[in-house]
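# Close look at the chain arrangement
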Amino acid sequence: AQKVTQAQTEISVVEKEDVTLDCVYETRDTTYYLFWYKQPPSGELVFLIRRNSFDEQNEISGRYSWNFQKSTSSFNFTITASQVVDSAVYFCALSDFTGANSKLTFGKGITLSVRP
Amino acid sequence: DGGITQSPKYLFRKEGQNVTLSCEQNLNHDAMYWYRQDPGQGLRLIYYSQIVNDFQKGDIAEGYSVSREKKESFPLTVTSAQKNPTAFYLCASSGPPLSADTQYFGPGTRLTVL
């Protein structure tokens with residue numbers, strides 16, 4: 001069975017601080033995808049990134065960066081120089097690699113509050 | 001604009017009533033999904049459909065029903081058998097031409113049972 005653990009439930013930082021959101025996953029599959037989604041107060045989940053299990057390169061997109069380490073089954077997300085607009089709930093998710101349209105397993109989410 | 005729409009945004013139901021939540025997508029995606037979100041919880045899969053006229057139960061299908069008569073539409077009915085239906089419901093879709101394995105979400109419907 002697949003499992004995603006986001007041990008941090010709430011994080012509060014002051015604007016311009018860096019913050020890292022942790023994600024640990026469990027799967028017996030050798031090939032899989034990992035995702036991060038952002039849920040702002042409006043409620044809609046916004047896709048941020050997808051990473052497949054073959055690609056352990058870190059990725060950077062503006063102030064966002066992701067660190068994928070297969071050895072520790074972790075896929076952590078760092079926001080550099082946080083802003084108030086980053087306040088949201090962030091979900092990490094895992095899918096199998098059975099082809100298109102796979103099912104996702106979500107973590108419980110991390111509520112990030114960025115104070116001015 | 002391509003995307004996923006859900007209606008209504010807010011829905012109130014009396015106990016014992018069935019209600020239907022709408023989900024429509026114009027992304028030409030093959031697969032569609034329904035999730036339930038409770039406060040402080042992740043998303044839990046209710047039903048999913050990978051092709052028209054076919055759907056499968058997710059982890060918490062009891063008390064819910066779906067249909068998939070058209071590629072664009074995947075309505076969810078919350079029946080009176082669902083014991084605790086108050087929650088936030090999210091619909092998603094996935095498929096080409098966007099990444100086949102990435103699910104894109106609608107804005108959600110917040111259901112409250114009075």
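Residues numbered from 1 in each chain as written. Chains lettered and ligands numbered in written order. Predicted model: local features only at pLDDT ≥ 70, side-chain atom pairs only at ≥ 80, totals over all residues. Heavy atoms only, no water.

Turning our attention to the overall build of chain A. On a plain count of helices and strands, chain A comes out with zero helices and twelve strands. Going from the N terminus to the C terminus, chain A shows its helices and strands as β-β-β-β-β-β-β-β-β-β-β-β. At 14 Å, chain A has a C-alpha radius of gyration in line with the 13 Å of a compact globule built from 116 residues. Expressed along its principal axes, the backbone C-alpha trace of chain A runs to roughly 45 × 25 × 25 Å. Within chain A, buried positions represent 41% of all 116 residues. The long-range fraction of contacts in chain A, counting pairs at least 24 apart against all pairs at least 6 apart in sequence, stands at 56%. Just so you have it, chain A exposes about 5,700 Å², and 48% of that area is on carbon and sulfur atoms. Placing the 11 positive and 13 negative side-chain charges of chain A at their respective mean positions leaves the two points 3 Å apart. (Helix = DSSP H or I, 4+ residues; strand = E, 2+ residues; numbered from the N terminus. Rg over C-alpha atoms; globule rule 2.2 N^0.38 Å. Buried < 20%, exposed > 50% of the residue type's maximum accessible area, 1.4 Å probe, protein only. Contact = heavy atoms within 4.5 Å. Areas by Shrake-Rupley, 256 points an atom, 1.4 Å probe, with all protein chains shown as cover. Lys, Arg positive; Asp, Glu negative; His and termini not counted. Charge placed at Lys NZ, Arg CZ, Asp CG, Glu CD.)

Turning our eyes to something else, we now look at the layout of surface pockets. Empty space within the largest pocket amounts to approximately 470 Å³. Taken together, 25 residues line the largest pocket, and the ones lying closest to its centre are A:Gln39, A:Val89, B:Gln37, B:Pro39 and B:Gly40. Elements with a minimum of two residues in the lining of the largest pocket: strand E10 (88-96) and strand E12 (110-115) of chain A together with strand E9 (87-94) and strand E11 (109-113) of chain B. Taken as a whole, the second largest pocket holds about 400 Å³ of empty space. (1 Å grid on protein atoms, 1.4 Å probe; cavity = no way out; pocket = protein on both sides within 12 Å on 5 of 7 lines; lining within 4 Å. Points joined across faces, edges and corners; volume = space filled by probe spheres on them.)

Attention shifts here to the packing of aromatic side chains. Given two aromatic rings, one states the distance between the centres and the angle between the planes to describe the pair. Scanning the model with the defined rule gives 23 aromatic pairs over all chains in all. Arranged with centres 5.2 Å apart and planes meeting at 55 degrees, the rings of A:Tyr25 and A:Tyr32 form a pair that is tilted. Considered together, A:Tyr25 and A:Tyr32 belong to a single accessibility category, that of buried residues. With a centroid separation of 5.6 Å and an interplanar angle of 65 degrees, the aromatic rings of A:Phe77 and A:Tyr90 are classed as edge-to-face. A residue pair is termed long-range when its members are at least 10 positions apart, and A:Phe77 in strand E9 (residues 74-79) and A:Tyr90 in strand E10 qualify at 13 residues. Of the two residues examined, A:Phe77 and A:Tyr90, each falls in the buried class. Taken together, the ring pairs in this structure connect A:Tyr33, A:Phe35, A:Tyr37, A:Phe47, A:Phe91, A:Phe106, B:Tyr33, B:Tyr35, B:Tyr48, B:Tyr104 and B:Phe105 into an aromatic cluster. In this arrangement the basic side chain of B:Arg68 is found over the ring face of B:Phe74, its NZ or CZ atom lying 6.0 Å from the centre. (Phe/Tyr/Trp six-rings, centres within 6.5 Å; stacked < 30°, edge-to-face > 60°. Lys NZ or Arg CZ within 6 Å of the ring centre and 35° of its normal.)

Residue and element names in this part refer to chain A. Burial of the side chains of strand E2 (residues 10-14) is restricted to one face: Ile 11 and Val 13 are buried, whereas none of Glu 10, Ser 12 and Val 14 on the reverse face is. Bridge count for E2 against E12 is five bridges, and the pairing is parallel. Looking at E12, one finds that Glu 10 is bridged to Thr 111. (Pairing = 2+ DSSP bridges.)

Residues and elements named next belong to chain A. If you trace the backbone, Asp 86 turns up in the loop between E9 and E10. Classification of Asp 86 as buried rests on a relative accessible area of 1%. Polar contacts involving the side chain of Asp 86 include one to the side chain of Tyr 64, which spans 3.4 Å. Among the polar contacts listed, one links the side chain of Asp 86 to the backbone nitrogen of Gln 83, at a separation of 2.8 Å. Those residues in contact with Asp 86 that lie beyond four places of it in its chain are Lys 38, Arg 63, Tyr 64, Ile 79, Leu 112 and Val 114. (Polar contact = N/O pair within 3.5 Å; in protein donor to acceptor, adjacent residues only side chain to side chain.)

The omega angle of the peptide bond from B:Ser7 to B:Pro8 is -10 degrees, so this bond is cis rather than trans. Following the sequence through the fold, B:Pro8 ends up in the loop between strand E1 (4-7) and strand E2 (10-13). Even without a glycine there, the phi angle at A:Ser73 is positive, about 50 degrees. Relative to the helices and strands, A:Ser73 resides in the loop between strand E8 (64-69) and E9. Of note, the phi angle at B:Asn53 is positive, near 65 degrees, even though the residue is not glycine. Checked against the element boundaries, B:Asn53 lands in the loop between strand E5 (43-51) and strand E6 (54-57). Taking relative accessible area as the criterion, B:Asn53 reaches 61% and is therefore assigned exposed.

Shape descriptors only; they carry no functional weight alone.
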